[in-house]
Amino acid sequence: MRGTRIEIRPGALRNNARRARILADGAEVFAMIKADGYGHGLTLAADALAGEVDGFGVAVLEEARALREHGISAPILVAEGFFDREELEQARALSLEMVVHSPWQVALLQDNPGPLRLWLKLNTGMNRLGLRPDIALEAAEQLAAASMNPVGVMSHFACADEADEGRTDPQMALAGEVADRLGLPLSAANSAALIRYPHTRAQRVRPGIMLYGSSPFDWQSAAQLDLAVSHRFSARLIAINEIQPGDTVGYGATWTATRPGRIGVVAAGYGDGYPRHAPSGTPAAVNGQLTMLVGRVSMDMLTIDLHGIEADIGDEVELWGDHVDVDKVARACGTISYELFCQITGRPERVIV
Ligand SMILES: Cc1ncc(COP(=O)(O)O)c(C=O)c1O
């Protein structure tokens, strides 16, 4: 048995949802479980979080349909809304909450009136999805004229996780203004805003990454935020090589030994979803002892420094989890934990603990 595995911890998801619930301070909590529950498993995340949250957020209708087919009856918000008339009809049949982010969707609704819970998505500065405030007010009128009053207003923050605090307030003020004008509930906060900016909670919050035991911030760890590890990546040592000064390791000979030592070969690579661009120095742990990657990650293996470390063939190496903070691995790789979680392939064994 190769022993390369992803451990998923539903109890940690629940713990983190309870943290979100406390921070939400009475606002509805919708757990974002799009992209296969941030790589944790869509239905697994939903089952783990059911009862802890008020509803779920996904990106696309297929994800919502999979949840309904799995028996999830809680409210589901589809953040990209419908793509065409067929999806609009399916959304009605599945009793979904659909985001309306573009005038073409308003036009499609006018041509196909009927009951559906609609959230008007505002562009308050992110300039990705959303209607500009003046267009949103117009859209609300057009929808009301077709007996499809929106049930809420939502927006998304561009910089709630950035050190610069100046960009979130203007977005929130604009969103609040439109929600007030329409007399509708507002949903704006992602994990970063929920943790950091209490005034953004409004009527509904939409945490994602904090549920998965990762910190949205560079300057504060998940442990400091009392978040529990929900995703642990480990693999076994399958070879140990003695090396001498001047020896190089791996493709491209990118790392050269400066002293005699030992290199551990670990049975995980980019074919398992470990990032190929993880540089030498990226943290890993063997038997609870911290060490680092040396040389390039290959498809099925990666190599670690075993200098001064007690380790044998067959020992477990943690690539992220309890000893190795996934956010530190992400930073070393110039990415975010979201991407690391999402890019795990089907090859590692999944174990629900
Ligand atoms: C519309 C929307 N709301 C909420 C979230 C959750 O964000 P986070 O995972 O940073 O908490 C996302 C995630 O990207 C999103 O796209």
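All residue numbers here refer to positions counted from 1 along the written sequence of the relevant chain. Since the coordinates come from a predicted model, pLDDT governs what is reported: local features require at least 70, and pairs of side-chain atoms require 80 or more to be given and counted, while whole-chain, interface and lining totals use all residues. For the side-chain quantities, the full set of heavy atoms in the structure was used; hydrogens and water were omitted.

In the nomenclature of an unreviewed UniProt entry, the chain is known as Alanine racemase of Alcanivorax jadensis T9. UniProt positions are given in the numbering used here, feature names are shortened, and annotations may be inferred rather than shown by experiment. Looking at the chain in UniProt, the text filed under Catalytic activity (unreviewed entry) is "L-alanine = D-alanine". Annotation of the chain in UniProt includes, under Sequence similarities (unreviewed entry), the sentence "Belongs to the alanine racemase family."

K.L.:
Account for the domain arrangement of the chain, with residues named and values stated.
P.N.:
Many authors give the size of an interface as the accessible area that is lost as the parts come together. Partitioning the chain into structural domains gives domain 1 (10-212) and domain 2 (231-352). Computed over C-alpha atoms only, the centres of domain 1 and domain 2 are separated by 37 Å. Across the contact, nine residues belong to domain 1 and seven residues belong to domain 2. When two components associate, each loses some accessible surface as probed by a 1.4 Å sphere; the sum of these losses over both components is called the buried area. Both sides of the domain 1 and domain 2 interface together cover about 730 Å² of buried area, and 68% of this is carbon and sulfur. A pairing counts as a salt bridge when a side-chain nitrogen of Lys or Arg comes within 4 Å of a carboxyl oxygen of Asp or Glu. At the surface where domain 1 touches domain 2, the tally comes to zero salt bridges. In protein, a polar contact means a hydrogen-donor-capable atom and an acceptor-capable atom, both N or O and within 3.5 Å, with residues adjacent in sequence counting only if both atoms are side-chain atoms; elsewhere, any N or O pair within 3.5 Å suffices. The interface formed by domain 1 and domain 2 includes two residue pairs in polar contact (both at pLDDT 80 or more). Across the side of domain 1 that touches domain 2, the residue classes break down as six nonpolar, three polar and no charged. Where each domain starts and ends follows an automatic or database-derived domain assignment. Contacts are residue-level and defined by heavy atoms, with any inter-residue pair within 4.5 Å sufficient. Each residue gets one label: Ala, Val, Leu, Ile, Met, Phe, Trp, Tyr, Cys and Pro are nonpolar, Asp, Glu, Lys and Arg are charged, and the others, such as Gly, are polar.

K.L.:
I'd love a proper account of the environment of G55, names of residues and values included.
P.N.:
Secondary structure follows DSSP: runs of H or I at least 4 residues long count as helices, runs of E at least 2 residues long count as strands, and numbering of each begins at the N terminus. With respect to the helices, strands and loops of the structure, G55 is situated in strand β3 (residues 55-58). Along the chain, G55 and D247 lie 192 residues apart, while their C-alpha atoms are 55 Å from each other. G55 has contacts with V29, F30, A31 and P75, leaving out every residue within four places of it along the chain.

K.L.:
Mind laying out helix α8 (residues 168-182), listing which residues take part and the relevant values?
P.N.:
By this rule the span expected of a helix is its residue count minus one, scaled by 1.5 Å. Spanning 15 residues, α8 covers 21 Å between terminal C-alpha atoms, matching the ideal 21 Å at 1.5 Å per step. Here the term buried applies to any residue with accessible area under 20% of the maximum for its type, exposed to any over 50%, and partly exposed to those in between, with areas from a 1.4 Å probe on protein chains only. Those residues of α8 lying buried are T168, Q171, M172, A175, G176, V178 and A179. Mapping the buried residues of α8 onto a view down its axis gives an arc of 165°, with all of them on the same face. Seen from the open side of α8, the exposed residues pointing more than 90 degrees away from its buried face are D180 and R181. Of the surrounding secondary structure, the elements contacted by the buried residues of α8 are α7 (133-145), β7 (152-154) and β8 (186-187). The directions from the helix axis to the C-beta atoms form the arc being described.

K.L.:
Tell me about the UniProt feature "modified residue: N6-(pyridoxal phosphate)lysine" (unreviewed entry) in the chain, and please be specific about residues and values.
P.N.:
Here the UniProt feature "modified residue: N6-(pyridoxal phosphate)lysine" (unreviewed entry) sits at K34. With respect to the helices and strands, K34 occurs in helix α2 (residues 34-38). When sequence neighbours within four positions are dropped, the list of residues in contact with K34 reads G57, V58, A59 and E63.

K.L.:
Describe the pairing of strand β10 (residues 231-243), naming the residues involved and giving the relevant values.
P.N.:
Strand pairing is assigned whenever DSSP identifies at least 2 bridges connecting the two strands. Direction of pairing for strand β1 (residues 5-8) relative to β10: antiparallel, over a ladder of four bridges. Looking at the pairing, E7 lines up with R232 of β10. With six bridges connecting them, β10 and strand β13 (residues 261-266) associate as antiparallel partners. From the neighbouring strand, A239 faces β13, where its bridge partner is V265.

K.L.:
How would you summarise the site of the ligand if you had to cite specific residues and measurements?
P.N.:
Around the ligand, a shell composed of M32, K34, Y38, R128, H156, N190, S191, R206, P207, G208, I209 and Y338 is seen. Side-chain polar atom of K34 to an oxygen atom of the ligand: 3.0 Å apart, as the coordinates give it. Between the ligand and the protein, one listed contact pairs an oxygen atom with a backbone N or O atom of G208 at 2.8 Å. Residue-level accessible areas treat just the shown protein chains as cover; the underlying method is Shrake-Rupley with a 1.4 Å probe. In isolation the ligand has 390 Å² of accessible area, and contact with the protein removes 90% of it. Across the shell around the ligand, the residue classes tally to five nonpolar, four polar and three charged. Nearness of a residue to a molecule or strand requires only that one of the residue's heavy atoms be within 4 Å of it.

K.L.:
Please set out the UniProt feature "binding site: substrate" (unreviewed entry) in the chain residue by residue, giving values where relevant.
P.N.:
The sites that carry the UniProt feature "binding site: substrate" (unreviewed entry) are, in the present numbering, R128 and M299. Separation in sequence by 172 residues is matched in space for these annotated residues, since their most distant C-alpha atoms are 34.4 Å apart. Take R128: it is sitting in the loop between β6 (117-121) and α7. Taking the relative accessible area as the measure of exposure, R128 reaches 56% and is therefore exposed. Structurally, M299 is set in the loop between β15 (289-292) and β16 (302-305). A relative accessible area of 43% means that M299 is categorised as partly exposed. When sequence neighbours within four positions are dropped, the list of residues in contact with M299 reads G269, Y270, G271, D272 and R347.

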